[in-house]
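Residue-level structure breakdown
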Amino acid sequence: MADPKLVPAQQPAERESAWLEGLQANGYRITDSRRAVVAVLAAAEQALLANEIYDLARAHHDKLGLVTVYRTLEKLEELDYVQQVHRPDGTHAYLPAFDGHQHLLMCENCGRVEVFDGDDLGDFSRRLEGESGFEIHDHWLQFTGLCADCH
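Below: a short report on this structure.

1. Some points on the packing of helix α1 (residues 12-25) against helix α2 (residues 32-42)
In the contact formed by α1 and α2, the axes pass within 9 Å of each other and the chain directions differ by 140 degrees. Here α1 is positioned oblique relative to α2, judged by the angle of their axes. Taken as a pair, α1 and α2 cross one another with a handedness that is right-handed. Along the contact surface, α1 presents P12, R15, E16, W19, L20 and L23, while α2 presents R34, R35, V38, A39, L41 and A42. Along the lines of polarity and charge, the residues of the contact of α1 with α2 split into eight nonpolar, no polar and four charged.

Okay, here's the thing in structure tokens:
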């Protein structure tokens, strides 16, 4: 198995600009509300619930509606800019999507997320295919625990 290696995050301003350009290139209007949601998610260092995104984005645009948050999340997911993750409390949250095939560590206390490379699960996947009869196309790996600041 390859040694795990933390992946540096893209700069929020670069990410925000690329996402807005991508949304526009795919025919989506760039409204102040959508811009506020993108700004919050592009800077996210932890997985955020939709209502957390709503609360944070209202600081940028006070006329933002919760429906717009959900619609923007849907569009950002369609374009593979954000990824839905599972929080330890069983809820679904959102964070910037990974580049390529990467996985994450999530703090159960503060919600901090780190992305890492280095999972060679090829042998395991082939054995699992043989035993189950499934044809495996992809996998997703998420570890939860406490970050260095919380333990």
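Now, onward.
2. Digging into the pairing of strand β4 (residues 103-107)
Within a regular strand, side chains alternate between the sheet's two faces. Counting buried residues in β4 gives four out of five residues, a clear majority hidden from the surface. Two elements, β4 and strand β5 (residues 113-117), share four bridges in a ladder whose sense is antiparallel. Its bridge partner lying in β5, H103 is registered against F116. Between β4 and the antiparallel strand that follows it, β5, lie five residues; G111 among them carries a positive phi value of about 85 degrees. Pairing of β4 with strand β6 (residues 142-145), which is carried by four bridges, proceeds in the parallel orientation.

3. Some thoughts on the packing of helix α3 (residues 50-57) against helix α4 (residues 66-78)
The geometry of a pair of packed helices is captured by two quantities: the angle between their axes and the separation between those axes. Where α3 contacts α4, the axes come no closer than 9 Å and their chain directions differ by 115 degrees. Remark: the crossing between α3 and α4 carries right-handed chirality. Every residue of α4 that contacts α3 at A50, N51, I53 and Y54 is listed here: L66, V69, Y70 and L73.

4. Regarding the nonpolar core
Ranked by size, the top nonpolar core spans 21 residues in total, and within it W19, V37, L41, I53, V69, L73 and L76 carry the most contacts. Elements that contribute at least two residues to this core include exactly α1, α2, α3 and α4. In terms of residue count, α2 provides more of this core than any other element does, six residues in total. Judged by nonpolar contacts, the second largest core, of eight residues, contains L49, V85, L104 and M106.

5. With respect to α1
Each α-helix winds once per 3.6 residues, and so residues spaced three or four apart point in a common direction. Here α1 is 14 residues long and its end C-alpha atoms lie 20 Å apart, about the 20 Å a rise of 1.5 Å per residue gives. Taken together, the buried positions of α1 are R15, W19, L20, G22 and L23. Viewed along the axis of α1, the buried residues span an arc of 160 degrees, placing them on a single side of the element. Exposed residues lying more than 90 degrees from the buried face of α1 are A13, E21, Q24 and A25. Buried-residue contacts for α1 involve α2, α4, β2 (82-86) and β3 (92-96). Among the residues trailing α1, G27 stands out with phi positive, at a value near 90 degrees.

6. What to know about the packing of aromatic side chains
Tallied over the entire structure, the rule returns one aromatic pair. With a centroid separation of 5.8 Å and an interplanar angle of 15 degrees, the aromatic rings of W19 and Y81 are classed as stacked. With W19 in helix α1 and Y81 in the loop between α4 and β2, the pair connects residues that are 62 residues apart, well separated along the chain.

7. Some remarks on α4
Its 13 residues place the ends of α4 19 Å apart at the C-alpha level, agreeing with the 18 Å of an ideal helix rising 1.5 Å per residue. Within α4, burial applies to V69, T72, L73, K75 and L76. Each buried residue of α4 sits inside an arc of 165 degrees when the element is viewed along its axis, so together they form one side. Facing away from the buried side of α4 by over 90 degrees, the exposed positions are V67 and R71. Turning to α4, the residues buried within the fold contact α1, α2, α3, β2 and β3.

Reading the values: rules and limits
- Residues numbered from 1 in each chain as written.
- Predicted model: local features only at pLDDT ≥ 70, side-chain atom pairs only at ≥ 80, totals over all residues.
- Heavy atoms only, no water.
- Axes fitted to C-alpha atoms, helices over the stretch in contact; angles between N-to-C directions.
- Helix = DSSP H or I, 4+ residues; strand = E, 2+ residues; numbered from the N terminus.
- Parallel < 35°, antiparallel > 145°, perpendicular 65-115°, else oblique.
- Left-handed = near helix turned anticlockwise from the far one by under 90°.
- Contact = heavy atoms within 4.5 Å.
- Nonpolar A, V, L, I, M, F, W, Y, C, P; charged D, E, K, R; others polar.
- Buried < 20%, exposed > 50% of the residue type's maximum accessible area, 1.4 Å probe, protein only.
- Pairing = 2+ DSSP bridges.
- Core = buried A, V, L, I, M, F, W, Y, C linked by side-chain atoms within 4.5 Å.
- Expected span 1.5 Å × (residues − 1).
- Arc of directions from axis to C-beta.
- Phe/Tyr/Trp six-rings, centres within 6.5 Å; stacked < 30°, edge-to-face > 60°.

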